[in-house]
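# Structural features, examined
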Amino acid sequence: MWLIIAALALLASGGGFVYLTAGFHRFGFMRALGEKHKAASWILSAAAIALIGGVWSFISLTAAAVALIHLFLFWLGADAVSAFVTRCRKKKPKRNYAGSAAVFITVIYLSIGWFLAHAVSRTDYDFQTDKNIGTDGLRIALIADSHLGITLDGKKFAYEMKRINDENPDMVIVAGDFVDDDSKRSDMIEACAALGNIRTKYGVFYSLGNHDKGYFSGGRDFTIDDLISELEKNGVTVLMDEVVMADENICVIGRKDKSEEASGGRKTMSELTAGLSPESYKIVIDHQPNDYDAEAAVGADLVLSGHTHGGHIFPAGYIGVLIGANDRAYGTERRDGTDFVVTSGISGWAIPFKTGCKSEYVIIDIEKQE
């Protein structure tokens, strides 16, 4: 879905560029220049908009498109308000108030989005179960979608893992998209080592997301096999359609990503849970949150996902749910006795802003119901 959104964003940014150039040309200093040098005023107006996109393109073309689209939408809205006010007052404004307002709102809005993407917050959830998970309950730390290299490099990721270690989790779950196509080997190695430094009762468990294997051949300086080897070297349990018992009553089921279903490379929940005791507490790691009915039907107790980034850019999360791409974009849901959690991720893909959510790690406390 994100690739479709990126393509639409790049397409829309072309039309927006023309509109923004015309809007910038309405500033007084540009109109004054245009009276003497018409061509130069239009060239400079276009150059100003191109400069905005160009600055963000150093991060990614997607980031540039997102910045320009937000400026376009706010400018369009400001122009609509200005047209309404002009009609009511029957008098055109002397200055380009709409353009000034659009630039100001865009800067503030995306500055907040920048902060929400880069400042990792802590989110807590509490659940109960009547199954035997130990007298002290179970504390799980959940992360997903680090996409190393966007807002988190290896050093920053290691800092966040120290925060998680201070939470004293019984286990850590990494729900996919740990790396991306442009992640660096050095960051990957440092991040894997950081996972290995977390002290837990049951360990660190990892399942792959749709970006972990990489979409583009030769796009990074390590392979998926290098990643798995580095994770396992640091004591991380990598689960690809596999089930492990954390102890005699708690099992962790790590699914392959849904993107592998088309090739028949992913097991169903019925296949994965065949033979498991109904008394065991079943934790499912499923990167993409879109198999809720099947997971609830087999009696999974807790399903942990990422992928959606909580919507990342408003209103993408709502669109994803409406078109059926995901069962949920963010937060918790209880369905037929199964608790579902979707995290917005500790980072995000390609875009250094989050306007529909925040970056987070999740602490889940599960207590035995008396």
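### Concerning helix α7 (residues 185-196)
Counted at 1.5 Å a residue, the expected span for α7 with its 12 residues is 16 Å, and the 17 Å between its end C-alpha atoms agrees. Inspection of α7 places D187, M188, A191, C192, A194, L195 and G196 among the buried residues, and these make up the whole buried set. Residues of α7 that are buried sit in contact with β2 (138-143), α6 (154-165), β3 (171-175), β4 (203-207), α8 (224-233) and β5 (236-238).

### Let's talk about the sheet that holds β2
Taking strand neighbours across the sheet as the criterion, the six strands line up as β1-β12-β2-β3-β4-β5 in an open arrangement whose pairing is mixed. Edge positions in the sheet fall to β1 (121-129) and β5, since each of these pairs with one other strand and no more. Adjacent strand axes in the sheet meet at a mean angle of 25°, parallel and antiparallel pairs treated alike. The sheet contact formed by β1 and strand β12 (residues 360-368) spans nine bridges and is parallel. Paired with F127 across the two strands is I366, which belongs to β12. Along the sheet face, α8 touches β4 and β5 and points at about 140° away from the line of β5.

### A word on the sheet that holds strand β6 (residues 242-245)
A sheet is described by the order of its strands in space; here six strands give the open sequence β6-β7-β8-β9-β11-β10, paired in mixed fashion. In the strand order of this sheet, the two ends are held by β6 and β10 (331-335), each with one partner. Going across the sheet, the axis of each strand differs from the next one's by a mean of 20°, ignoring polarity. In this structure, strand β8 (residues 281-285) lies alongside strand β9 (residues 302-305), joined through three bridges in parallel fashion. Looking across to β9, one finds that I283 is bridged to L302.

### Focus on the pairing of β4
Burial analysis of β4 places five of its five residues in the buried class, the great majority of the element. What you see with β4 is no split at all: G203, F205 and S207 on one side and V204 and Y206 on the other are buried throughout. As defined by bridge partners, β3 adjoins β4 across five bridges and the pair is classed as parallel. Bridge pairing in β4 places V172 opposite V204. With α7 bridging β3 and its parallel neighbour β4, the resulting β-α-β unit is right-handed.

### A look at the packing of aromatic side chains
Considering all chains together, one arrives at 13 aromatic pairs under this definition. Between the aromatic rings of W56 and F353, the centroid separation amounts to 4.8 Å while the plane-to-plane angle is 70°, which identifies the pairing as edge-to-face. Residue W56 is found in helix α3 (residues 38-57), and its partner F353 is found in the loop between β11 (338-342) and β12; the two are separated by 297 residues along the sequence. Of the residues examined, W56 reaches a relative accessible area of 22% and is grouped as partly exposed. Residue classification places F353 among the buried residues on the basis of a relative accessible area of 1%. Taking 5.4 Å as the distance between ring centres and 75° as the angle between the ring planes, the aromatic pair formed by F157 and F178 counts as edge-to-face. You can see F157 sitting in helix α6 and its partner F178 sitting in the loop between β3 and α7, a full 21 residues away along the chain. Residue class for F157 comes out buried when judged on its relative accessible area of 0%. Put simply, the rings of F24, F27, F29 and W75 touch in pairs and so form one group of aromatic residues.

### Focus on the environment of Y109
For Y109, the location among the structural elements is in helix α5 (residues 97-118). Residues Y109 and H70, spaced 39 residues apart in sequence, show a C-alpha to C-alpha distance of 8.8 Å. Those residues within four positions of Y109 in sequence are excluded, and the remaining contacts are H70, F74, F314 and T355.

### What about the pairing of β2?
Burial of β2 is extensive: five of the six residues sit out of reach of the surface. Here β2 pairs with β12 via five bridges, running antiparallel. Counterpart to L138 in the pairing with β12 is I366. In the sheet, β2 pairs with β3 via four bridges, with the strands oriented parallel. Within β3, the residue paired with I140 across the bridge is M171. Note that the unit made of β2, α6 and β3 has a crossover that is right-handed.

Parameters and conventions
- Residues numbered from 1 in each chain as written.
- Predicted model: local features only at pLDDT ≥ 70, side-chain atom pairs only at ≥ 80, totals over all residues.
- Heavy atoms only, no water.
- Helix = DSSP H or I, 4+ residues; strand = E, 2+ residues; numbered from the N terminus.
- Expected span 1.5 Å × (residues − 1).
- Buried < 20%, exposed > 50% of the residue type's maximum accessible area, 1.4 Å probe, protein only.
- Contact = heavy atoms within 4.5 Å.
- Pairing = 2+ DSSP bridges.
- Axes fitted to C-alpha atoms, helices over the stretch in contact; angles between N-to-C directions.
- Right-handed = clockwise from strand over helix to strand, strands pointing away.
- Phe/Tyr/Trp six-rings, centres within 6.5 Å; stacked < 30°, edge-to-face > 60°.

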